[in-house]
Amino acid sequence: MPSSTTRSDIEIDQLSKVFGSGDDAVRALDAVSLTIPENEFFTLLGPSGCGKTTLLRMIAGFEQPSSGAIRLGGSDIADLPPNKRPVNTVFQSYALFPHMTVAQNIGFALKMLGRPKAEIEATVAEMLKLVKMEPMANRKPSQISGGQQQRVALARALAPRPRVLLLDEPLSALDLKLRKEMQVELKRLQGETGITFVFVTHDQEEALTMSDRIAVMSAGKVRQVGTPREIYNHPADRFVADFIGDTNFLTATVEKANGATARVRLPSGHQLDAGLPTGLSPVSGDEVTLVTRPEHARLATEGPLKGTVENAVYFGTDTHIHVRLDTGDLFILRNQNTTSAAALPEKGDPVAIAIPDGAVRIVRS
Amino acid sequence: MGKRNFSVASLPGFGTIAIITFIFLYLPIVTLVVYSFNEAASMSRWEGFSLRWYEAALANRQVQDVSIRSLVIAGWAATLATILATMAALATTRNERRFPGQTMIYALINQPLMVPEIVTGVALLIFFAMIKIATGYQGLGYLIAAHTAFCIPFAYLPIRARLETMDLTLERAAADLYATPLQAFRHVTLPLLVPGILAGFMLGFVTSLDTVVITEFVKSAGQDTLPTYMLGQLRRVVTPEMNAISTLFLLLSLIAVTVFFLLSRKKA
Ligand SMILES: Nc1ncnc2c1ncn2[C@@H]1O[C@H](COP(=O)(O)OP(=O)(O)OP(=O)(O)O)[C@@H](O)[C@H]1O
Ligand SMILES: [Mg+2]
């Protein structure tokens, strides 16, 4: 969590955006409020169409809010056109200027700002070095690869040292290997420059590995904001739990709530202690949704869940075991593979599943 | 060559039809050009190679006058039409949201493509006559104005086509990188638009050179252009001098088209 001493850089206050009007109005953003402190790697994560790009475009100034405010370092930027905002964007399509060389692209912003030639040259050289593109300074964008274009787009946006860098799915066009490299690279650049990054992705793994904090969005709303750990381990609702990582859902009945946990009873009669999200306090007898991660459960001879193995899928590092529970629900376990070829269950085997304390949480449905 | 790839070229008769089409397109022109080198004064008999009709045409003061007038009018009209068409194309493609009546404006700009030329000619005749009486001005301005209006759609179409293939994100990126709207236009839009502008200018230029009907109605006495002069001559005597003039005219058009084609290719 950011300490209270860091200054907040971006404040988004009850921001809404409605496209169109009347019957075919689309509410792309619905009263979104976020605070992003300085120097943070902040990620907007959510499925397609949830309003991530719309939010970025409003911060950049390409789109006007329908209502609400955006403040940058404390001052409202609603009336500033894009060219007056200390915010730069790395576009999903890169949007490199095709008629300019790599160096000219990187120097563009400084040239527009009327900086002296020597300063522009020095910054361009520094940026080329930062993104390891020195040998290609004089090439045109059409003469470099997709990954290289991506790095140039990044250097171009970083060159004027913006306060905030907005990145709209900058890695989605890259192949897996390059993507992993660029993830590391981006993280390094953010650390070295100390610029606030607002990063958009719909890839939950990317979000978990790169971010200081994540906002999970769906249908124009922010569902949860938190560190990757908080989001993964303490999902606030069913949507977040489902969207981030693989999740097993169970239904249970509350026996007794006591603060941060609740005693719940499974249909099998077994009782478990389940964690509670903040603000939720169910009472005895309530039906609740439980979530548990596949890697936390394990096969056992005796346990609260019983079922039959449907499938065991080998994934190299681990094996995914699909169990059809006696209640009819599907439950997935992830077993780490070890060198000793421990016997894996086979299709049709009756099994029991044990869930350690603290591995089950109640979520809002 | 996979069998699954259908190609019209594999249809029976494709070659024959192609050849007939090319004959239709080019045989008359080839005949015209060949007979411009004919020694004879008649159009129908070949009496050997000669450049005498070219000499006659080039020495003809009237031909010189009308040619220069044609070039002056085409130069002005194409330039003005290109500037106006560029502005119109920017206005109809470079807005984030379509403004009301945008399709209507598109149609209005292309008026000369839809209104019969003869109607435009008559309308201009009457309209300019009123202005002439009111102002007493008799100069080339009327022809330049009429040609400019007529050339706008020809200049507009390639410019608009070019703009439509240009990603709006580029201008957005420029604005994001602190370019004022004017700087974004100057450093991003305009350089990328150059091939479209050159193509638009070329089309406008050639269209103006070629326009007969409108010129015929608008011109004052002594304001013949090359095509109206040729038309006037053909009504009287037909000599191979006409072939020579036509060939030179063709050459001029070809050079204009080629130059602009090469220029726009280099820029693209
Ligand atoms: N200019 C527009 N006019 C009308 N509706 C729009 C416009 N731009 C976006 N929308 C709608 O707003 C919603 C949010 O769109 P947005 O582009 O922000 O989604 P996104 O989260 O970036 O999705 P993706 O991951 O697919 O890029 C969508 O339903 C979209 O159809
Ligand atoms: Mg998007």
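What counts and what doesn't
- Residues numbered from 1 in each chain as written.
- Chains lettered and ligands numbered in written order.
- Predicted model: local features only at pLDDT ≥ 70, side-chain atom pairs only at ≥ 80, totals over all residues.
- Heavy atoms only, no water.
- Helix = DSSP H or I, 4+ residues; strand = E, 2+ residues; numbered from the N terminus.
- Contact = heavy atoms within 4.5 Å.
- Areas by Shrake-Rupley, 256 points an atom, 1.4 Å probe, with all protein chains shown as cover.
- Lys, Arg positive; Asp, Glu negative; His and termini not counted.
- Charge placed at Lys NZ, Arg CZ, Asp CG, Glu CD.
- Near = heavy atom within 4 Å.
- Polar contact = N/O pair within 3.5 Å; in protein donor to acceptor, adjacent residues only side chain to side chain.
- Nonpolar A, V, L, I, M, F, W, Y, C, P; charged D, E, K, R; others polar.
- Buried < 20%, exposed > 50% of the residue type's maximum accessible area, 1.4 Å probe, protein only.
- Core = buried A, V, L, I, M, F, W, Y, C linked by side-chain atoms within 4.5 Å.
- Pairing = 2+ DSSP bridges.
- Domains from an automatic or database assignment.
- Buried area = accessible area lost by both parts, 1.4 Å probe.
- Salt bridge = Lys/Arg side-chain N within 4 Å of Asp/Glu carboxyl O.

1. Remarks on the overall build of chain A
Point 1. Across its full length, chain A holds eight helices and 20 strands.
Point 2. With the C-alpha coordinates aligned to their principal axes, the bounding extent of chain A is approximately 75 × 50 × 45 Å.
Point 3. Counting contacts in chain A only where the partners sit at least 6 residues apart, residues at least 24 apart contribute 66% of the total.
Point 4. By element, 50% of the accessible surface of chain A is carried by carbon and sulfur atoms, the whole surface being about 16700 Å².
Point 5. Computing the positive centroid from 40 side-chain charges and the negative centroid from 42, chain A places the two 6 Å apart.

2. A word on the site of ligand 1
All names here are of chain A.
Point 1. Lining the immediate surroundings of ligand 1 are Phe19, Val26, Ala28, Ser48, Gly49, Cys50, Gly51, Lys52, Thr53, Thr54, Glu169 and His202.
Point 2. Backbone polar atom of Gly49 to an oxygen atom of ligand 1: 2.7 Å apart, as the coordinates give it.
Point 3. Interatomic distance of 2.6 Å between a side-chain N/O atom of Thr53 and an oxygen atom of ligand 1.
Point 4. Protein chains bury 61% of the 640 Å² of accessible surface belonging to ligand 1 in isolation.
Point 5. Looking at the shell around ligand 1, the elements with two or more residues in it are β2 (26–37) and α1 (52–60).
Point 6. A per-element tally of the shell around ligand 1 places α1 first, with three residues.
Point 7. Looking at the shell around ligand 1 residue by residue, the class counts come to four nonpolar, six polar and two charged.

3. Here we look at the environment of Glu63(A)
Residues and elements named next belong to chain A.
Point 1. For Glu63, the position within the fold is in the loop between α1 and β4 (67–72).
Point 2. On the basis of relative accessibility, which here comes to 6%, the residue Glu63 falls in the buried class.
Point 3. Sequence spacing of Glu63 and Leu171 is 108 residues, and the spatial spacing of their C-alpha atoms is 23 Å.
Point 4. At 2.7 Å, the side chain of Glu63 forms a polar contact with the side chain of Arg57.

4. Here we look at the side chain of Asp237(A)
All names here are of chain A.
Point 1. Within the secondary structure layout, Asp237 lies in the loop between α7 (228–233) and α8 (238–243).
Point 2. Look at Asp237 and you get buried, because its relative accessible area is 10%.
Point 3. Separated by 2.9 Å, the side chains of Asp237 and Arg223 make a polar contact.
Point 4. When neighbours within four sequence positions are excluded, Asp237 is seen to be in contact with Arg223, Val363 and Arg364.

5. Quick look at the nonpolar core
Where a protein is soluble and globular, its nonpolar side chains tend to be buried together.
Point 1. Within the largest apolar cluster, 57 residues are counted, with the highest numbers of intra-cluster contacts made by Ile12(A), Leu44(A), Leu55(A), Phe97(A) and Phe108(A).
Point 2. No other element matches helix α7 (residues 141–165) of chain B, which puts six residues into this core.
Point 3. The residues contacting Leu55(A), other than those within four sequence positions of it, are Ile12(A), Leu15(A), Leu29(A), Val32(A), Leu34(A), Leu44(A) and Met217(A).
Point 4. Among the nonpolar cores identified, the runner-up in size contains 36 residues, and Ile144(A), Val152(A), Leu154(A) and Met182(A) belong to it.

6. With respect to the pairing of strand β19 (residues 350–354) of chain A
All names here are of chain A.
Point 1. Here β19 lies mainly inside the structure; four of its five residues are buried.
Point 2. Looking at chain direction, strand β15 (residues 298–300) and β19 are connected through three bridges and run antiparallel. Bridge assignment links Arg298 to a residue of β19, and that residue is Ala354.

7. With respect to the domain arrangement of chain A
Residues and elements named next belong to chain A.
Point 1. Assigned domains within chain A: domain 1 (8–238) and domain 2 (246–363).
Point 2. For domain 1 and domain 2, the distance between their C-alpha centroids amounts to 38 Å.
Point 3. The interface is formed by eight residues belonging to domain 1 together with eight residues belonging to domain 2.
Point 4. Summed over both partners, the interface of domain 1 with domain 2 buries about 750 Å², with 51% contributed by carbon and sulfur atoms.
Point 5. Among the residues domain 1 hides against domain 2, the three largest losses belong to Tyr232, Pro235 and Arg238. Together they make up 69% of the total.
Point 6. Here domain 1 is connected to domain 2 by zero salt bridges.
Point 7. Viewed at the interface, domain 2 and domain 1 are joined by two residue pairs in polar contact (both at pLDDT 80 or more).

8. Some words on the interface of chain A and chain B
Point 1. At the junction of the two partners, chain A supplies 28 residues and chain B supplies 20 residues.
Point 2. Both sides together, the interface formed by chain A and chain B hides about 1900 Å², and carbon and sulfur atoms give 65% of it.
Point 3. Counting every contact that joins chain A to chain B gives zero salt bridges.
Point 4. In this structure, the connection of chain A to chain B is made through five residue pairs in polar contact (both at pLDDT 80 or more).
Point 5. Elements that contribute at least two residues to the side of chain A that touches chain B include exactly α1, β6 (87–90), α2 (102–112) and α4 (146–158) of chain A.
Point 6. Element by element, the count of residues in the side of chain A that touches chain B is highest for α2(A), at four residues.
Point 7. A class-by-class count of the residues in the side of chain A that touches chain B yields 18 nonpolar, five polar and five charged.

9. Remarks on the domain arrangement of chain B
All names here are of chain B.
Point 1. For chain B, the assigned domains are domain 1 (11–50) and domain 2 (62–264).
Point 2. Using only C-alpha atoms to locate each centre, domain 1 and domain 2 end up separated by 31 Å.
Point 3. Contacts between domain 1 and domain 2 engage nine residues on the former and eight residues on the latter.
Point 4. Carbon and sulfur atoms supply 71% of the area buried between domain 1 and domain 2, which totals about 690 Å² over both sides.

10. Brief notes about the pairing of strand β16 (residues 305–314) of chain A
All names here are of chain A.
Point 1. Across four bridges, β16 lies against β19 in antiparallel orientation. Each bridged residue has a counterpart across the sheet, and for Thr308 the counterpart in β19 is Pro350.
Point 2. Relative to strand β17 (residues 318–325), β16 runs antiparallel, the two being bridged by seven bridges. Within β17, the residue paired with Ala312 across the bridge is Ile321.
Point 3. In this structure, the hairpin formed by β16 and β17 is closed by a connection of three residues, where Gly316 is found at a positive phi of approximately 85°.

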